[in-house]
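Here's the letter readout for the chains.
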Amino acid sequence: EPEVTQTPSHQVTQMGQEVILRCVPISNHLYFYWYRQILGQKVEFLVSFYNNEISEKSEIFDDQFSVERPDGSNFTLKIRSTKLEDSAMYFCASRRTEMNTEAFFGQGTRLTVV
Amino acid sequence: RKEVEQDPGPFNVPEGATVAFNCTYSNSASQSFFWYRQDCRKEPKLLMSVYSSGNEDGRFTAQLNRASQYISLLIRDSKLSDSATYLCVVNANYGGSQGNLIFGKGTKLSVKP
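Parameters at a glance
- Residues numbered from 1 in each chain as written.
- Chains lettered and ligands numbered in written order.
- Predicted model: local features only at pLDDT ≥ 70, side-chain atom pairs only at ≥ 80, totals over all residues.
- Heavy atoms only, no water.
- Pairing = 2+ DSSP bridges.
- Helix = DSSP H or I, 4+ residues; strand = E, 2+ residues; numbered from the N terminus.
- Axes fitted to C-alpha atoms, helices over the stretch in contact; angles between N-to-C directions.
- Core = buried A, V, L, I, M, F, W, Y, C linked by side-chain atoms within 4.5 Å.
- Buried < 20%, exposed > 50% of the residue type's maximum accessible area, 1.4 Å probe, protein only.
- Contact = heavy atoms within 4.5 Å.
- Disulfide = S-S within 2.5 Å.

Asks: Whenever I open this one, the sheet that holds strand 3 (residues 19–24) of chain A confuses me. Can you help?
Replies: Pairing between the strands of a sheet is mediated by backbone hydrogen bonds and can be parallel or antiparallel. All names here are of chain A. A sheet is described by the order of its strands in space; here four strands give the open sequence 1-3-8-7, paired in antiparallel fashion. The two strands at the open ends of the sheet, each matched to only one other strand, are strand 1 (5–7) and strand 7 (65–68). On average, adjacent strands in this sheet sit at an angle of 20° to one another, irrespective of strand direction. With five bridges connecting them, strand 3 and strand 8 (residues 75–79) associate as antiparallel partners. Residue Ile20 lies in a different strand from strand 8, and its bridge partner there is Lys78.

In structure tokens form, the structure reads like this:
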């Protein structure tokens, strides 16, 4: 069964450092997303990506965040200068179409900022 | 008003019990609705989509009431393996959004032997 894969599974970084979280969406999917979940809280939308550009972003997705799909396969989330409050589980998701279809989630990257 | 609200839980039930989860959503323009399941420290996984006519999948039944903006999930004959957090999820469908999902906080279910 096709799946979304994320690497690394866990990353520990020092405050102020840049991190890149990587995702390989399902190959015939067209819509890509990043979500995050702070421990004990709900899953929150960060950004959606379609046709090689950001289609929507939330208030959380400020100038410190960026996304890229550099090679038609990988989909990355970069945090330029991490803060303690960026510590969370980051999930990548992909969907074949925009609506009414299942969003498949990767297993997540646990980011710990110290 | 929160966009997707769920019973806070947790629900602790014996095996074989019937459990009902409730959810309300704030945006009447929303078109797609889902129940996801999340095991501890794992990714959300689709349990079932929710259709206007209601739908059933084995022990699981989902209902949608658009007039009340209310979604429900019923689990019959609960199993130990049903223990998880159940997430009510609504597809954003306004202002040109590209289908991002809005999650409720989830209701934790523990099924005991």
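Asks: Any chance you could explain the nonpolar core here in plain terms?
Replies: One recurring pattern in soluble globular proteins is that nonpolar side chains are buried together. Core analysis: the biggest nonpolar cluster contains 25 residues, and B:Phe21, B:Trp35, B:Ile71, B:Leu73, B:Tyr86 and B:Leu109 have the highest contact counts within it. Mapped onto this core, the elements with two or more residues apiece are strand 3 (19–25), strand 4 (33–38), strand 5 (44–50), strand 7 (60–65), strand 8 (70–75), strand 9 (84–91) and strand 11 (107–112) of chain B. The contact partners of B:Tyr86, leaving out residues within four places of it in the chain, are B:Gln6, B:Phe21, B:Trp35, B:Tyr36, B:Arg37, B:Leu47, B:Leu73, B:Ile75, B:Gly106, B:Thr107 and B:Leu109. Counting residues in each nonpolar core, the second largest holds 21 residues, with A:Cys23, A:Ile26, A:Phe61 and A:Val67 among its members.

Asks: So what exactly am I meant to see when it comes to the state of the cysteines here?
Replies: What makes a disulfide is a covalent bond joining the sulfur atoms belonging to two cysteines. All names here are of chain B. In total, this model carries two disulfides over all chains according to the counting rule given. Between the sulfur atoms of Cys23 and its disulfide partner Cys88 the distance amounts to 1.9 Å. Here Cys23 and Cys88 share a disulfide; its torsion about the S-S bond, -75°, makes the bridge left-handed. Here the residue Cys23 occupies a position in strand 3, and Cys88 occupies one in strand 9, the gap between them amounting to 65 residues. Of the two residues, Cys23 and Cys88, both sit in the buried class.

The values are spatial; any link to function lies outside them.
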